[in-house]
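This is what each chain is made of:
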Amino acid sequence: MSSLIAWILRAIPFGTIIMYGALGETLTEKSGNLNLGVPGIMYLGGFAGFASAYYYEKLSANPSAFVCVILALLCALIASALGGLIYAFLTITLRANQNVTGLALTTFGMGVANFFGVFILNGASYTAAPLAYKAFSAKIPVLSGLGVVGEVLFSYGFLAYAAIVLAVVLHWFFTRTRAGLNLRAVGENPATADAAGINVTLYKYVATCTGAAICGVGGLYYVLDYNQGIWATTGQIEALGWLAVALVIFTTWKPLNAIWGAYLFGVLYWLYQFLPSLLGVTVASYMTDLIQMLPYVVTIVVLIVVSLRKKKENQPPEHLGLSYFREER
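Our subject in this report is the structure included herewith. Predicted, not measured: the structure shown is a model, and the values here were computed from it.

Procedures and definitions
- Residues numbered from 1 in each chain as written.
- Predicted model: local features only at pLDDT ≥ 70, side-chain atom pairs only at ≥ 80, totals over all residues.
- Heavy atoms only, no water.
- Helix = DSSP H or I, 4+ residues; strand = E, 2+ residues; numbered from the N terminus.
- Buried < 20%, exposed > 50% of the residue type's maximum accessible area, 1.4 Å probe, protein only.
- Contact = heavy atoms within 4.5 Å.
- Areas by Shrake-Rupley, 256 points an atom, 1.4 Å probe, with all protein chains shown as cover.
- Expected span 1.5 Å × (residues − 1).
- Phe/Tyr/Trp six-rings, centres within 6.5 Å; stacked < 30°, edge-to-face > 60°.
- Lys NZ or Arg CZ within 6 Å of the ring centre and 35° of its normal.
- Core = buried A, V, L, I, M, F, W, Y, C linked by side-chain atoms within 4.5 Å.
- Lys, Arg positive; Asp, Glu negative; His and termini not counted.
- Salt bridge = Lys/Arg side-chain N within 4 Å of Asp/Glu carboxyl O.
- Polar contact = N/O pair within 3.5 Å; in protein donor to acceptor, adjacent residues only side chain to side chain.
- Axes fitted to C-alpha atoms, helices over the stretch in contact; angles between N-to-C directions.
- Parallel < 35°, antiparallel > 145°, perpendicular 65-115°, else oblique.
- Left-handed = near helix turned anticlockwise from the far one by under 90°.
- Nonpolar A, V, L, I, M, F, W, Y, C, P; charged D, E, K, R; others polar.

**Description of the overall build of the chain**
Here's step 1: Of the regular secondary structure elements, the chain holds 15 helices and two strands.
Here's step 2: Looking at the 329 residues of the chain, the share that counts as buried comes to 49%.
Here's step 3: The contacts of the chain with a sequence gap of at least 6 include a subset with a gap of at least 24, amounting to 74%.
Here's step 4: Of the roughly 15,200 Å² of accessible surface on the chain, 67% is carried by carbon and sulfur atoms.

**Here we look at helix 10 (residues 200-226)**
Here's step 1: The first and last C-alpha atoms of helix 10 sit 37 Å apart over 27 residues, in line with the 39 Å expected at 1.5 Å per residue.
Here's step 2: A positive phi of about 60° marks Q228, the residue just after helix 10.

**Some remarks on the packing of aromatic side chains**
Here's step 1: Counted according to the given criterion, the structure contains 17 aromatic pairs.
Here's step 2: The interplanar angle of 50° and the centroid separation of 5.0 Å between the aromatic rings of F250 and F265 together place this pair among those described as tilted. Of this pair, F250 sits in helix 11 (residues 236-250) while F265 sits in helix 12 (residues 255-269); the two residues are 15 residues apart in sequence, bridging distant segments of the chain.
Here's step 3: What makes F250 buried here is its relative accessible area of 8%.
Here's step 4: Taking the relative accessible area as the measure of exposure, F265 reaches 0% and is therefore buried.
Here's step 5: Among the aromatic residues, those joined into a cluster by ring pairs are Y43, F47, F50, Y54, Y55 and W231.
Here's step 6: K30 extends its terminal NZ or CZ atom over the ring of F174, reaching a point 5.5 Å from the ring centre.

**Details of the nonpolar core**
Here's step 1: One finds F14, I18, M19, F50, F136, L224 and W231 to be the most contacted residues of the largest nonpolar core, which totals 77 residues.
Here's step 2: When residues in this core are grouped by element, the largest group, 11 residues, is from helix 10.
Here's step 3: Sequence-distant contacts of F136, defined by excluding residues within four places in its chain, comprise V69, A72, L73, G157, F158, L159, L220, L224 and D225.

**Re the side chain of K30**
Here's step 1: For K30, the position within the fold is in helix 1 (residues 2-30).
Here's step 2: No salt bridge is formed by the buried K30. Its closest oppositely charged neighbour is E188, at 6.5 Å.
Here's step 3: One polar contact links the side chain of K30 to the main-chain carbonyl oxygen of W253, over a distance of 3.4 Å.
Here's step 4: Setting aside anything within four residues of it in sequence, one finds K30 in contact with F174, L183, R184, G187, W253 and P317.

**A short note on the packing of helix 2 (residues 38-59) against helix 11**
When two helices pack together, their arrangement is given by the angle between the helix axes and by the axis-to-axis distance.
Here's step 1: The geometry of helix 2 relative to helix 11 is characterised by a closest axis approach of 8 Å and an angle of 130° between their N-to-C directions. By the angle between their axes, helix 2 is oblique relative to helix 11. The handedness of the crossing between helix 2 and helix 11 is right-handed. Residues V38, P39, M42 and Y43 of helix 2 lie in contact with helix 11, whose contacting residues are Q236, I237, E238, G241, W242, A244 and V245.
Here's step 2: Partitioned by chemical class, the residues of the contact of helix 2 with helix 11 number eight nonpolar, two polar and one charged.

**Notes on the packing of helix 11 against helix 12**
Here's step 1: The contact between helix 11 and helix 12 brings their axes to 10 Å, and the two run at 130°. On the basis of the axis angle, helix 11 is oblique to helix 12. Regarding helix 11 and helix 12, the two cross each other, and that crossing is right-handed. Residues Q236, L243, A246, L247 and F250 of helix 11 pack against A258, W260, G261, A262, L264, F265 and Y269 of helix 12.
Here's step 2: Considered class by class, the residues forming the contact of helix 11 with helix 12 number 10 nonpolar, two polar and no charged.

**Notes on the side chain of T127**
Here's step 1: Topologically, T127 is positioned in strand 1 (residues 127-128).
Here's step 2: Accessibility expressed as a relative area gives 14% for T127, which makes it buried.

**Looking at the environment of M42**
Here's step 1: Counting through the fold element by element, M42 comes out in helix 2.
Here's step 2: Between the C-alpha atoms of M42 and S80, which are 38 residues apart in sequence, the distance is 7.0 Å.
Here's step 3: For M42, the contacting residues outside a window of four places in its chain are I17, G21, C215, G216, G218, G219, I237 and G241.

Quick look at the structure:
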């Protein structure tokens, strides 16, 4: 039982990271932009949030946890939104290739974060922002102490619950608001949307920058909660960014699906560590990487199933250029 609970406690925070990335990319793709720069944007958000919290803790005589949270969130949102603005300017205004620009943005975001991270590390392999970690990982009072139920459901930082709320809000936005319906129209057929009086360029810019900001929160959550407030020059955020892009496809561009899809990915990712102990078996070390491929394998299977079913509501926005997933007309 303890191994199962530990599995869940590891899978849900992991799923929260990629849920933010997937929700942000879903918003971007609904506007007709395929941003493959998600890993780089998550890097920018994670580093900006960590750096602001780290220096605030270091330079302040009596740092406040509340100020630390607000500062980290604002810096993460601004830095990642600027990354989205760069992508939007290049692809929307200058008409640059979306795939090439996105991949370049991934490299750019990683490079910027690791370059400036060197000054914070100052020769060390890692450094930490303990107050920020304590604030972002704080459990829900009282409820988190309700035995197994409290441990499984109420023992996460506030951003884990904010991700679920965000998914519900995005679903409502896409299906119940005029702006959301206009955004979907822009993604499906920008020429028709323009003829209907919708400002296509404005919608694309806002959706891309907002989506990037949401992705950046995923990077922030990784550094200041999941990774215990520690910054190190590793490539883990990049791997999670690509997994978030895969999750967008897995959830068929539906925000509500991102909730259970992200947690499923988390369960599958940590399968190698907890399932052997639950089943009482031993897994060879060389099998670990193969087992960690399961989320990607599941995504490929979903792609195949979706392409065979050809349901219009499960297809990507037509203007993304992924025409081979769409129903033939």
